[in-house]
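# Structural description and commentary
Chain by chain, the residues run as shown.
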Amino acid sequence: GAGVSQTPSNKVTEKGKYVELRCDPISGHTALYWYRQSLGQGPEFLIYFQGTGAADDSGLPNDRFFAVRPEGSVSTLKIQRTERGDSAVYLCASSYGGGYNSPLHFGNGTRLTVT
Amino acid sequence: AQKVTQAQTEISVVEKEDVTLDCVYETRDTTYYLFWYKQPPSGELVFLIRRNSFDEQNEISGRYSWNFQKSTSSFNFTITASQVVDSAVYFCALSDPNTGNQFYFGTGTSLTVIP
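The rules behind these values
Residues numbered from 1 in each chain as written. Chains lettered and ligands numbered in written order. Predicted model: local features only at pLDDT ≥ 70, side-chain atom pairs only at ≥ 80, totals over all residues. Heavy atoms only, no water. Helix = DSSP H or I, 4+ residues; strand = E, 2+ residues; numbered from the N terminus. Rg over C-alpha atoms; globule rule 2.2 N^0.38 Å. Buried < 20%, exposed > 50% of the residue type's maximum accessible area, 1.4 Å probe, protein only. Contact = heavy atoms within 4.5 Å. Areas by Shrake-Rupley, 256 points an atom, 1.4 Å probe, with all protein chains shown as cover. Lys, Arg positive; Asp, Glu negative; His and termini not counted. Charge placed at Lys NZ, Arg CZ, Asp CG, Glu CD. Salt bridge = Lys/Arg side-chain N within 4 Å of Asp/Glu carboxyl O. Disulfide = S-S within 2.5 Å. Phe/Tyr/Trp six-rings, centres within 6.5 Å; stacked < 30°, edge-to-face > 60°. Buried area = accessible area lost by both parts, 1.4 Å probe. Polar contact = N/O pair within 3.5 Å; in protein donor to acceptor, adjacent residues only side chain to side chain.

Let us now look at the overall build of chain A. When helices and strands are counted, chain A shows 0 helices and 11 strands. The order of α-helices and β-strands along chain A, N terminus first, is β-β-β-β-β-β-β-β-β-β-β. Relative to the 2.2 N^0.38 estimate, which gives 13 Å for 115 residues, the radius of gyration of chain A is 13 Å and therefore close to what a compact globule would have. In terms of overall dimensions, chain A has a C-alpha envelope of 35 × 25 × 25 Å along the principal axes. Put simply, chain A has 115 residues, and 45% of those count as buried. Across chain A, the fraction of contacts at a sequence separation of at least 24, relative to all contacts at a separation of at least 6, is 54%. Carbon together with sulfur atoms contributes 46% to the accessible area of chain A, which is approximately 5,400 Å² in total. Mean positive and mean negative side-chain charge positions of chain A (11 and 10 charges, respectively) differ by 6 Å.

A few words now on the overall build of chain B. Across its full length, chain B holds 0 helices and 12 strands. Starting at the N terminus and ending at the C terminus, chain B contains elements arranged as β-β-β-β-β-β-β-β-β-β-β-β. Over its C-alpha atoms chain B spans a radius of gyration of 14 Å, differing by no more than 12% from the 13 Å that the globule rule assigns to 115 residues. If one aligns the C-alpha atoms of chain B with their principal axes, the spans along those axes are about 45 × 30 × 20 Å. Sorting the 115 residues of chain B into buried and exposed places 46% on the buried side. Contacts in chain B between residues at least 24 apart in sequence constitute 56% of all its contacts with a sequence separation of at least 6. When the accessible surface of chain B is summed, it comes to about 5,500 Å², and 48% of that surface belongs to carbon and sulfur atoms. Taking the average location of the 8 positive side-chain charges in chain B and that of its 13 negative ones, the two points are 3 Å from each other.

Attention shifts here to the pattern of salt bridges. Residue and element names in this part refer to chain A. Enumeration according to the criterion identifies 5 salt bridges over all chains in this entry. With a shortest N-O distance of 2.8 Å, Arg-64 and Asp-86 are connected by a salt bridge. Within this pair, whereas Arg-64 is found in the loop between strand S6 (53–56) and strand S7 (65–68), its partner Asp-86 is found in the loop between strand S8 (75–79) and strand S9 (88–95), the two being separated by 22 residues in sequence. Residue Arg-64 is classed as buried on the basis of its relative accessible area, which comes to 6%. Each of the salt bridges in this network shares a partner with another, and the network as a whole consists of Arg-64, Glu-83 and Asp-86.

Residues and elements named next belong to chain A. One pass over the full model with this rule turns up 2 disulfides over all chains. A sulfur-sulfur separation of 1.8 Å characterises the disulfide bridge that pairs Cys-23 with Cys-92. Here the S-S torsion is close to -70 degrees, and the disulfide linking Cys-23 with Cys-92 is therefore left-handed. Here the residue Cys-23 occupies a position in strand S3 (residues 19–24), and Cys-92 occupies one in strand S9, the gap between them amounting to 69 residues.

With that settled, consider the packing of aromatic side chains. For the coordinates displayed, the defined rule picks out 23 aromatic pairs over all chains. Taken together through their ring pairs, the aromatic side chains of A:Tyr33, A:Tyr35, A:Phe45, A:Tyr48, A:Tyr100, A:Phe106, B:Tyr33, B:Phe35, B:Tyr37, B:Phe47, B:Phe103 and B:Phe105 make up a single cluster.

This next bit is on the interface of chain A and chain B. With 22 residues of chain A at the interface, the matching set in chain B holds 24 residues. Approximately 1,800 Å² of surface area, both sides summed, lies buried where chain A meets chain B, with 56% of it carried by carbon and sulfur atoms. Along the contact surface separating chain A from chain B lie 0 salt bridges. There are 7 residue pairs in polar contact (both at pLDDT 80 or more) connecting chain A and chain B. When residues of the side of chain A that touches chain B are traced back to their parent elements, those giving at least two are strand S4 (31–37) and strand S5 (44–50) of chain A. It is S4(A) that contributes the most residues to the side of chain A that touches chain B, 3 residues altogether.

Rendered as C-alpha cells:
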C-alpha cells in the first residue's frame, strides 16, 4: 500500500515568508507526527496528532509554527515569518494507533531552505 | 530524562565485513520500547525493529541481529557480511509512556560499506 506522502519534496523561501508543508499519512493510521531533522542530527519531535486534535505540541519551537489536521487524515505544518534557522528537513510520520509502542512510518520529508 | 546516545558518528567497512552499531539509552521508566531505523541516501527513515523493555531475547533477521542488554542500557545492532546496500545512516530511538508519544532519536551512525 501507499506510504506516507509529503509535499513538496523541496521548498526554498525567503526569510520572512510563510510556508505550508503537507503530509498525507498511511490510510487507516490515526496517529500523525511531525519531526524536524537538521544536518547531522536525529529527528526531533515537533507535534503529535491523534485524530483531528493535537495531543502534544510541546516540541513546536515557538508560535511561528502551527499544524492542523482538520479531518483526521492530511496534515499541514505552517511556518510564519520564516527564519534562516528554520532550514531543515521536516519529516512526517504516522502510526496505526499511536502510543509509545507503535513504530513510526516516515515519509521522505520536505527539505526547507530559508534564504 | 530520556536520552539516546550513538557514539559512533561514522563507520567505514569493506564489503563482507561484520559491523556493530552501538546504542546506549537513558530512561527512568521500567517500561519502554527501543527502535532501530535506517535512513538511506534517499532520505526516508525505514523502520527495522522494535524491542520492549521486558524482552531481552536477542533477535536475528537475516544478516541483521540485535543485542539488547538492560544491565548496560544498550541495544546494539550488528550487520553480518555487510553489503554496499547497507550504506546508510542508522538511528536508534526510545519511547516510553511518560514521554507521551515522543520518540527520542540518537544522532545516528553513518555507515559506509566499501566494495
